[in-house]
Amino acid sequence: MSESVIADFVGNFNAEVMATTEPVKGRVLLSQKRLVLAANENNKFTIPLSSVFDIAVGHIPPDLGDFFDSTVTVAFERGQDRYVAVIEAGDDKITKFSTVLFKAILNGTETTVKERARVGGRVTNEEFSTANLFVEDGSVEFRSPDGSFVVDLATVTDFQRTTREIGGSDRPTLTFRHMMEGTAVTTMAALASPRKMSILGRYLRLEYSDLMEDLQDIELTDDKTEILVAIYSTGDMSGMPLADILGIDGSQVTMLLQDLEDDGLVQDTPEGPALTPKGEVVASRHLEDVNS
């Protein structure tokens, strides 16, 4: 591999095009252009990143057996056929490798984006513009000569693939809603490459599913939900006691706020209790459920 290596570790792997039906141990090497699975010096398998059309973290194709634990599955094309390769290593290595792999494929991709297409319930006059896409662990950034726009994926409340008219033609577009400074914002992004569009969607789904798993472990009572919604709806809590707003005893509010802080949904600030990004997601989803 002549280009710079950006990931190099020992793991287990297998691919549908390999001769063995069981995983083998070897080096996993990644550059900006290719992924190499090397069992030994004479047994290497190369996957050009330009041929990768899907990445799944944790998913194992049934026909590759029950040999794997923490994995990345890479789907790729060779000629007219499609194959998958499965790579296994420790949780930390797989987490870091999957992020680097997404970055190697997506970073620098030219994107047509409409930032803040909707703010709250208001449709804005923003136009689609060109920006370069960069993904990091937990965020998506759109860079243009006019500046950068970052979406914290921990604040995404929903996303979907739609079709929008851009430049006079209908194009597949990723539309995602997220929280920004306490306000629900909608951003739209379209990539010229359907392959990269699919991989970006996979990256967003991966981050979104992790957030949803975290939220499923949190048990919310009606009182806790009311506090989250009250903070979300009123914004600045200075001079506005929650006990008066909710009509409950102050000591009870204190205990509920402590529980919410332990859950990572509320944080204490000089201006009073404020929602964390995760808390904003929970409150906004609750309001959406009530209004739907």
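For the structure given in this document, a descriptive report is provided here. All residue numbers here refer to positions counted from 1 along the written sequence of the relevant chain. Per-residue local features of the predicted model are confined to residues with pLDDT of at least 70, and side-chain atom pairs are confined, for both listing and counting, to 80 or more; whole-chain, interface and lining totals are unaffected and use all residues. To get the side-chain values, take all heavy atoms of the structure and skip hydrogens and water.

1. A word on the pattern of salt bridges
Phase 1: A pair is scored as a salt bridge if a Lys or Arg side-chain nitrogen falls within 4 Å of a carboxyl oxygen belonging to Asp or Glu. This structure, assessed with the given rule, holds seven salt bridges.
Phase 2: With its nearest N and O atoms 3.3 Å apart, the salt bridge here joins Arg 82 to Glu 77.
Phase 3: In this structure, Glu 136 and Lys 103 form a salt bridge, with 3.2 Å as the shortest nitrogen-oxygen distance. A residue pair is termed long-range when its members are at least 10 positions apart, and Glu 136 in strand E10 (residues 129–136) and Lys 103 in helix H1 (residues 91–106) qualify at 33 residues.
Phase 4: Exposure is judged per residue with a 1.4 Å probe applied to protein chains only, and the accessible area is read against the type maximum: over 50% gives exposed, under 20% gives buried, and values in between give partly exposed. Classification of Lys 103 as partly exposed rests on a relative accessible area of 26%. In this text, helices come from DSSP runs of H or I with a minimum length of four residues, and strands from runs of E with a minimum of two, each type numbered from the N-terminal end.

2. Examining the side chain of Thr 175
Phase 1: Residue position: Thr 175 is located in strand E14 (residues 169–180).
Phase 2: Two N or O atoms count as a polar contact when they lie within 3.5 Å, although within protein this holds only if one can serve as hydrogen donor and the other as acceptor, and sequence-adjacent residues are included solely when both atoms are side-chain atoms. Here Thr 162 takes part through its side chain, which lies 3.3 Å from a polar atom of the side chain of Thr 175.
Phase 3: Other than its neighbours up to four places away in sequence, Thr 175 contacts Asp 158, Phe 159, Gln 160, Thr 162, Arg 164, Thr 186, Thr 187 and Met 188. We call two residues in contact when some of their heavy atoms are within 4.5 Å.

3. Digging into unusual backbone geometry
Phase 1: Look at Arg 116: it is not a glycine, yet its phi comes out positive at around 55°.
Phase 2: Structurally, Arg 116 is set in strand E8 (residues 109–119).

4. Describing helix H5 (residues 250–262)
Given 3.6 residues per turn, any residue in an α-helix points the same way as the ones three and four places further on.
Phase 1: Here the expected span of a helix is defined as 1.5 Å times the quantity of residues minus one. Over its 13 residues, H5 extends 19 Å from the first C-alpha to the last, a length consistent with the 18 Å expected when each residue adds 1.5 Å.
Phase 2: Residues of H5 that are buried: Val 253, Leu 256, Leu 257 and Leu 260. The buried residues of H5 occupy one face: seen down the axis, they fall within an arc of 105°. Turned more than 90 degrees off the buried face of H5, the exposed positions are Thr 254, Met 255 and Asp 262.
Phase 3: Buried-residue contacts for H5 involve helix H3 (222–234), helix H4 (242–246), strand E16 (266–269) and strand E17 (272–275).
Phase 4: Positive phi appears at Gly 264, one or two residues downstream of H5, with a value of about 80°. Taken from the helix axis, the directions to the C-beta atoms give the arc we talk about.

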